[in-house]
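# An overview of the molecular structure
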Amino acid sequence: QVQLVESGGGLVQAGGSLRLSCAASGRTFSRYAMGWFRQAPGNEREFVATISWTGGYTRYADSVQGRFTISRDNYKNTVYLQMNSLKPEDTAVYFCAASLRLIGPVVVPTTLAEYDYWGQGTQVTVSS
């Protein structure tokens, strides 16, 4: 069992920055890929970014490429999402997720079905 708790959301003006954190507990954090997803009102949950076991491999949605950075600290059992140059269309509830079903140090899952555990989400609101 894995527990995930997100924090760091809030209200920010367009062009601003936020850093989200996701603290994990329950299993060996360094042995599973982590991801961030988001869901805006009326929309399906969508992929944002993912990072492999050691942090050596990452992948991003086209909409955030170059603006968002995912990272992890395996000593602190925490994954981060640094969000810069925020836009109103980035407004959503952001969820972190853990993938235990895919094994390997280069795994970077990008679909909801590849993740096993989810946090409760943190709201990010970007005003224009």
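These notes cover the structure that comes with them. (Residues numbered from 1 in each chain as written. Predicted model: local features only at pLDDT ≥ 70, side-chain atom pairs only at ≥ 80, totals over all residues. Heavy atoms only, no water.)

Tallied over the full model, the rule gives 4 salt bridges. One salt bridge in this structure joins Asp 90 and Arg 38, with 2.9 Å as the shortest N-O distance. Separated by 52 residues along the polypeptide, Asp 90 in the loop between β8 (78-83) and β9 (92-99) and Arg 38 in strand β4 (residues 33-39) bring together distant segments of the chain. Relative accessible area serves as the criterion here: at 0%, Asp 90 is assigned to the buried category. Close ionic contact of Arg 101 with Asp 116 constitutes a salt bridge, the shortest N to O distance being 2.8 Å. Placement of Arg 101 in the loop between β9 and β10 (117-118) and of Asp 116 in the loop between β9 and β10 is noted, with a sequence separation of 15 residues between them. Judged by its relative accessible area of 49%, Arg 101 falls in the partly exposed class. Take Asp 116: its relative accessible area is 27%, and that puts it in the partly exposed class. (Salt bridge = Lys/Arg side-chain N within 4 Å of Asp/Glu carboxyl O. Helix = DSSP H or I, 4+ residues; strand = E, 2+ residues; numbered from the N terminus. Buried < 20%, exposed > 50% of the residue type's maximum accessible area, 1.4 Å probe, protein only.)

Glancing now at the sheet that holds strand β1 (residues 3-7). Strand order in the open sheet formed by 4 strands is β1-β3-β8-β7, and the pairing between neighbours is antiparallel. Each edge of the open sheet is held by one strand with a lone partner, namely β1 and β7 (68-73). Recorded for the sheet is a direction-independent mean angle of 15 degrees between the axes of neighbouring strands. Summarising the sheet, β7 and β8 pair through 6 bridges and their orientation is antiparallel. In the strand pairing of β8, Thr 69 is matched with Gln 82. (Pairing = 2+ DSSP bridges. Axes fitted to C-alpha atoms, helices over the stretch in contact; angles between N-to-C directions.)

Before going further, it helps to spend a moment on the nonpolar core. Core analysis: the biggest nonpolar cluster contains 34 residues, and Met 34, Trp 36, Leu 81, Met 83 and Tyr 94 have the highest contact counts within it. Broken down by secondary-structure element, the contributors of at least two residues to this core are β3 (18-25), β4, β5 (46-51), β7, β8, β9 and β11 (122-127). (Core = buried A, V, L, I, M, F, W, Y, C linked by side-chain atoms within 4.5 Å.)

Here we come to the pairing of β5. Extensive coverage of β5 is indicated by the burial of 5 of its 6 residues. Across 5 bridges, β4 lies against β5 in antiparallel orientation. Note on β5: the bridge partner recorded for Trp 36 is Ala 49. The hairpin formed by β4 and β5 contains 6 residues between the paired strands, and Gly 42 there has a positive phi angle of roughly 80 degrees. Bridge analysis of β5 against strand β6 (residues 58-60) gives 3 bridges, and the strand direction is antiparallel. Directly across from Thr 50, in β6, lies its bridge partner Arg 59. Counting the residues that bridge the hairpin from β5 to β6 gives 6 residues, and of these Gly 55 lies at a positive phi of roughly 90 degrees.

This paragraph deals with the side chain of Thr 122. Position of Thr 122 among the secondary structure elements: in strand β11. Thr 122 sits in the buried class, given a relative accessible area of 11%. Within polar-contact distance, the side chain of Thr 122 engages the backbone nitrogen of Gly 9 at 3.2 Å. Excluding residues that lie within four positions of it along the chain, Thr 122 makes contacts with Glu 6, Ser 7, Gly 8, Gly 9, Leu 20, Ala 92, Val 93 and Tyr 94. (Polar contact = N/O pair within 3.5 Å; in protein donor to acceptor, adjacent residues only side chain to side chain. Contact = heavy atoms within 4.5 Å.)

So far we have only geometry, and geometry alone does not tell us how the molecule works.
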